[in-house]
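Observations on the model geometry
For reference, the chains in residue letters:
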Amino acid sequence: MPSTPPRYDPRLLGLGLLAGAALGAVWINTKQKHYARHGIPSMIDWEKAKRIARQIIKEEEAAPGWHASWEEYYRRLVERCYPVITEEMGNALPAPVDQIQAFTRNEWVDANVANFKKLFEPIEAIYKKAQGQGSLGTMLIGDVSQTVLSGQLGILLGYLAKRVLGQYDLALLGKEPVTAGKLYFVEPNIGMVQGDLGLDADDFRLWIALHETTHAYEFEAYPWVREYFNSLLEEYFEYLTDDLLTFGASLGGLKGLIDRARSNLNGGDNWVEVIMSPEQRVLFSKLQALMSIIEGYSNYIMNAVGQRLLPSYDIIRERIEQRAARRSPAEKLFIKITGLALKMEQYKMGESFINQVVAERGVSVANRVWEGPAMLPTMEELRNPSAWIERVEGAHKLTQPLAL
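Here the residue index of a chain counts from 1 through its sequence in written order. Residues qualify for local features only when their pLDDT is at least 70, as the model is predicted, and side-chain atom pairs are given and counted only at 80 or more; totals for whole chains, interfaces and linings, by contrast, use all residues. The basis for every side-chain value is the complete set of heavy atoms in the structure, and neither hydrogens nor water enter the calculation.

**Some thoughts on the overall build of the protein chain**
For clarity, the threshold we go by: Secondary structure counts use DSSP, requiring at least four H or I residues in a row for a helix and at least two E residues in a row for a strand, with both numbered from the N terminus. Residues count as neighbours in contact if any of their non-hydrogen atoms are within 4.5 Å of one another.
Within the protein chain, the regular secondary structure consists of 18 helices and three strands. Pairs at least 24 apart in sequence give 78% of the contacts found in the protein chain among residues at least 6 apart.

This is the structure we're talking about:
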């Protein structure tokens with residue numbers, strides 16, 4: 001005889017729901033007591049991220065005197081950059097960069113963890129406010145997100161720390177006014193690349209110094225750049241914190257984020273934009289355009305000036321391009337999923353834009369991008385430099401006095 005299907009007692013279901021609710025209430029109460037004693041945990045465990053990065057790097061401490069020797073060397077290189085960049089940009093640096101540091105990979109990680117921590121302060125404040133509301137959804141999401149985000153950031157920093165050559169560090173969103181940035185040269189990476197590619201040691205390091213010192217000019221000779229960059233970041237973070245409150249308020253909020261991503265799938269140029277609101281996409285486009293000019297113009301200087309200044313310039317450029325083309329499939333995938341491909345595209349798009357403007361109208365017209373936010377190209381104009389030339393030359397004609 002066929003067996004009788006089991007019958008479910010609805011009372012058991014009710015008891016299960018009551019037990020689940022009780023356990024949830026106990027868990028929330030325990031968490032709230034923990035928060036009261038120890039404070040609400042941050043969105044990212046910065047020390048954990050740092051430990052993960054250092055585990056990837058596995059670097060020994062620098063020998064005594066290493067920093068002083070290399071910092072003096074790079075200081076002399078940066079001083080050689082000042083007159084040639086001033087001539088090309090048509091504007092002098094208000095004051096020399098006085099903080100020039102030779103970094104180990106671990107030191108680069110430490111400096112950038114501090115930078116990220118400061119940048120995340122506005123989001124952290126909203127995050128802790130949401131966690132303090134004590135809903136089951138926010139607490140569950142909080143536990144998972146800290147573990148995931150800390151691990152992801154640690155892996156990213158570890159990857160970059162083994163590849164970054166130089167960096168211009170200008171504190172953004174800081175509460176105190178900043179008059180000058182810092183130049184970092186990650187000498188272990190520079191020495192490794194120079195040796196692997198068989199490049200002239202002094203020429204290669206001067207080539208890198210040209211790029212990073214140009215960043216100092218961009219931000220310090222034109223103070224509006226930092227102010228504009230800050231304003232975009234602040235507005236962008238406001239939208240992100242709104243999302244955190246909206247989508248992180250409960251587990252069900254995740255559906256809203258998924259619905260947004262689904263509606264954006266056909267319109268986004270890359271995966272980063274898929275989860276953005278229309279307002280976020282406008283700001284992101286402005287940030288991309290600004291970063292494209294900042295990075296692309298530095299590449300232009302590095303190459304235009306380097307070609308005149310460095311005897312082995314052609315060899316440097318050729319071998320660096322060959323090295324980039326030899327990335328493994330795993331490395332290419334990592335670059336794509338982390339969004340680093342966007343930064344590389346910024347280099348290429350911005351440099352191509354400046355090169356075309358210089359070729360058509362000369363560097364004096366290209367330098368008009370530094371006159372103010374209104375003179376920056378849009379993403380569409382970056383892809384079509386002739387449209388930007390037509391716009392800025394038309395604006396220039398309108399401001400000329402009428403001759404009778």
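**Overview of the packing of aromatic side chains**
As a reminder, the rule being used: What counts as a ring pair is set by centres within 6.5 Å for rings of Phe, Tyr and Trp (its six-membered ring), and what kind of pair is set by the plane angle: stacked under 30 degrees, edge-to-face over 60, tilted for all other angles. Put simply, a charge is over a ring when the Lys NZ or the Arg CZ is close to the ring centre, within 6 Å, and near the line of the ring normal, within 35 degrees.
Under the counting rule described, the total for this entry stands at 14 aromatic pairs. Considering the side-chain rings of Tyr-168 and Phe-219, the 5.9 Å spacing of their centres and the 25 degrees angle between planes classify their relative orientation as stacked. Within this pair, whereas Tyr-168 is found in strand β2 (residues 166-169), its partner Phe-219 is found in helix α8 (residues 201-220), the two being separated by 51 residues in sequence. Among the aromatic residues, those joined into a cluster by ring pairs are Trp-70, Tyr-73, Tyr-74 and Phe-185. Positioned above the aromatic ring of Tyr-159 is the side chain of Arg-163, whose terminal nitrogen or guanidinium carbon lies 3.9 Å from the ring centre.

**A look at the side chain of Asp-203**
The test is simple: Polar contacts here mean pairs of N or O atoms no more than 3.5 Å apart (in protein, one a potential hydrogen donor and the other a potential acceptor; neighbouring residues in sequence count only if both atoms are side-chain atoms).
Inspection of the secondary structure assignment puts Asp-203 in helix α8. Within the local environment of Asp-203, its side chain forms a polar contact with the side chain of Ser-312, the two groups lying 2.7 Å apart. Ignoring sequence-local partners within four residues, the contact set of Asp-203 consists of Leu-310, Pro-311, Ser-312 and Ile-316.

**Section: the pattern of salt bridges**
Pairs may arise between side chains of opposite charge once their charged atoms sit close together. What counts, and what does not: Any carboxyl oxygen of Asp or Glu within 4 Å of a side-chain nitrogen of Lys or Arg constitutes a salt bridge here.
A complete count under the given rule lists eleven salt bridges for this structure. Of the charged contacts in the structure, one is a salt bridge between Lys-50 and Asp-110, with a shortest N-O distance of 4.0 Å. Taken together, the residues Lys-50 in helix α2 (residues 46-57) and Asp-110 in helix α4 (residues 105-119) connect sequence positions 60 residues apart. Glu-187 is the salt-bridge partner of Arg-205, the closest N and O atoms lying 2.6 Å from each other. Of this pair, Arg-205 sits in helix α8 while Glu-187 sits in helix α7 (residues 187-197), and the two are 18 residues apart along the sequence.

**A closer look at α7**
Rules: For each residue, the accessible area found with a 1.4 Å probe, counting protein chains only, is set against the maximum for its type, and the residue is called buried under 20%, exposed over 50%, and partly exposed in between. In this context, the arc is that of the directions from the helix axis out to the C-beta atoms.
Glu-187, Asn-189, Ile-190, Val-193, Gln-194 and Leu-197 are the residues of α7 that are buried. An end-on view of α7 places all buried positions within 160 degrees of arc, on one side of the element. Among the residues trailing α7, Gly-198 stands out with phi positive, at a value near 65 degrees.

**A short note on the sheet that holds strand β1 (residues 100-103)**
Two modes of strand pairing occur in sheets, parallel and antiparallel, and in both the strands are linked by backbone hydrogen bonds. Here is the rule: In short, DSSP must find at least two bridges between two strands for them to pair. Only the contacting stretch of a helix is used when fitting its axis, a line to C-alpha atoms as for every element, and angles between N-to-C directions run 0 to 180 degrees.
On the basis of which strands lie adjacent, the open sheet formed by three strands has the order β1-β3-β2 and mixed pairing. Two strands bound the open sheet, and with one partner strand each, they are β1 and β2. Put simply, the sheet's adjacent strands are angled 20 degrees from each other on average, direction ignored. Alignment of β2 against strand β3 (residues 182-186), held across four bridges, turns out to be antiparallel. Among the inter-strand pairings, Gly-166 is bridged to a residue of β3, identified as Phe-185. Across the sheet, helix α3 (residues 66-89) touches β1 and β3, and the angle it forms with β1 is around 130 degrees. Along the sheet face, α8 touches β2 and β3 and points at about 10 degrees away from the line of β2.

**Concerning the packing of α3 against α7**
Heads up, the condition is: Oblique is the label for any angle not under 35 degrees, not over 145, and not in the 65 to 115 range, which are roughly parallel, roughly antiparallel and roughly perpendicular in turn. Throughout, the ten residues Ala, Val, Leu, Ile, Met, Phe, Trp, Tyr, Cys and Pro are labelled nonpolar, Asp, Glu, Lys and Arg are labelled charged, and all others, Gly among them, are labelled polar.
Contact pair α3 / α7: the axes reach a minimum separation of 12 Å and the direction vectors enclose 70 degrees. Classified by the interaxial angle, the pair formed by α3 and α7 is roughly perpendicular. On α7, the residues that touch Trp-66, Trp-70 and Tyr-74 of α3 are Glu-187, Pro-188 and Ile-190. Partitioning the contact of α3 with α7 into residue classes produces five nonpolar, no polar and one charged.

**Points about the side chain of His-215**
Along the chain, His-215 turns up in helix α8. Exposure remark for His-215: the relative accessible area of 6% places this residue in the buried category. One polar contact links His-215 to Glu-218, side chain to side chain, over a distance of 2.9 Å. Engagement of the side chain of His-215 in a polar contact is seen with the side chain of Ser-298, the distance being 3.0 Å. Dropping the residues within four chain positions of it, His-215 is found in contact with Tyr-168, Ile-294, Glu-295 and Ser-298.

**A few points about the confidence of the model for the protein chain**
In plain terms, the rule: The quantity called pLDDT is the predictor's confidence in a given residue, expressed from 0 to 100.
Summary statistics for the protein chain give a mean pLDDT of 79 and a share of 68% for residues scoring 70 or more. Across the protein chain, element-level confidence peaks in α7 with a mean pLDDT of 97 and bottoms out in helix α1 (residues 10-38) with 46. Low confidence marks residues 248-258, where pLDDT is under 50. Its contacts with residues over four positions away, or in another chain, come to 17 contacts. Below a pLDDT of 50 lies the segment residues 398-404, which in the model reaches zero contacts outside its immediate sequence neighbourhood of four places, other chains included.

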